[in-house]
Amino acid sequence: THLLLDDGKVKLRIVDCGPDFAETEVVVPGKLSERKGVNVPEVTLPISALTEKDKQDALFGAEVGVDWMALSFVQKAEDIEELRELVGKDTVKIMAKIE
């Protein structure tokens, strides 16, 4: 399994891991700065695609009548269903973003 950092600019191979650590080896080196994303391809993470801020923003969008919402980091159908339940089944169209 690999970790992709900064939209895949840096690639790490996981050598060993546990509940509170990951030992990695650099496969594709690069310079990292603050606030860069981490992607774990081919692994479904047991977390919601929606952050608390996303939920607040979605509710606000539904309240003001947006037509569409796009959800990032969708891993499974339940991610879309969670947003649909939050904003109401027939209020807005929802698109899964491919990143």
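Residues numbered from 1 in each chain as written. Predicted model: local features only at pLDDT ≥ 70, side-chain atom pairs only at ≥ 80, totals over all residues. Heavy atoms only, no water.

Examining the pairing of strand 5 (residues 68-71)
We count it as follows: With a 1.4 Å probe rolled over the protein chains alone, any residue whose accessible area is under 20% of its type maximum counts as buried; one over 50% counts as exposed, and the rest are partly exposed. Strands are runs of DSSP state E lasting at least 2 residues, helices are runs of H or I lasting at least 4, and numbering of each runs from the N terminus. Strands pair, by our definition, only if DSSP identifies at least two bridges between them. Handedness of a crossover is defined as follows: with both strands directed away from the viewer, a clockwise route from the first strand across the helix to the second makes it right-handed.
Only one face of strand 5 is covered, namely the one carrying Met 69 and Leu 71; the face carrying Trp 68 and Ala 70 has none of its residues buried. Pairing geometry for strand 5 and strand 6 (residues 93-96), over four bridges, is parallel. Bridge pairing in strand 6 places Ala 70 opposite Met 95. Note that the unit made of strand 5, helix 2 (residues 77-87) and strand 6 has a crossover that is right-handed.

Side note on unusual backbone geometry
Positioned with a positive phi, Glu 42 is a non-glycine residue whose angle comes to about 65°. Inspection of the secondary structure assignment puts Glu 42 in the loop between strand 4 (38-39) and helix 1 (52-64). In this structure, Phe 73 is a non-glycine residue whose phi angle is positive, near 60°. Here Phe 73 shows up in the loop between strand 5 and helix 2.

Quick look at the side chain of Ser 72
Tracing the chain through its elements places Ser 72 in the loop between strand 5 and helix 2. Using a relative accessible area of 17% as the deciding quantity, one classes Ser 72 as buried.

Notes on the packing of helix 1 against helix 2
This is how it is decided: Axis definition: a line fitted to C-alpha atoms, limited for helices to the stretch in contact. Angles are taken between N-to-C directions and run from 0 to 180 degrees. By definition in this entry, angles of less than 35 degrees are roughly parallel, angles greater than 145 are roughly antiparallel, angles of 65 to 115 are roughly perpendicular, and the rest are oblique. Should the near helix be turned anticlockwise from the far one by less than a right angle, the crossing is termed left-handed; should it be turned clockwise, right-handed. Should any heavy atoms of two residues lie within 4.5 Å, those residues are counted as being in contact. Residue type decides the class: Asp, Glu, Lys and Arg count as charged, Ala, Val, Leu, Ile, Met, Phe, Trp, Tyr, Cys and Pro as nonpolar, and the leftover types, Gly among them, as polar.
Here helix 1 crosses helix 2 at 50°, and the two axes come no closer than 9 Å. On the basis of the axis angle, helix 1 is oblique to helix 2. Note that helix 1 runs across helix 2; the crossing there is right-handed. Here Lys 55, Ala 58, Leu 59 and Ala 62 of helix 1 lie close against helix 2, whose contacting residues are Glu 82, Leu 83, Leu 86 and Val 87. Per-class residue counts for the contact of helix 1 with helix 2 are six nonpolar, no polar and two charged.

Regarding the environment of Asp 67
Here Asp 67 is to be found in the loop between helix 1 and strand 5. Looking at Asp 67, the relative accessible area reads 60%, which means it is exposed. As a C-alpha pair, Asp 67 and Lys 93 span 26 residues in sequence and 6.2 Å in three-dimensional space. Apart from residues lying up to four places away in sequence, Asp 67 is in contact with Val 92 and Lys 93.

Looking at the pairing of strand 3 (residues 21-28)
Here seven bridges tie strand 2 (residues 10-18) to strand 3, and the two strands are oriented antiparallel to one another. Residue Ile 14 lies in a different strand from strand 3, and its bridge partner there is Thr 24. Between strand 2 and strand 3, which pair antiparallel one after the other, the connecting turn spans two residues.

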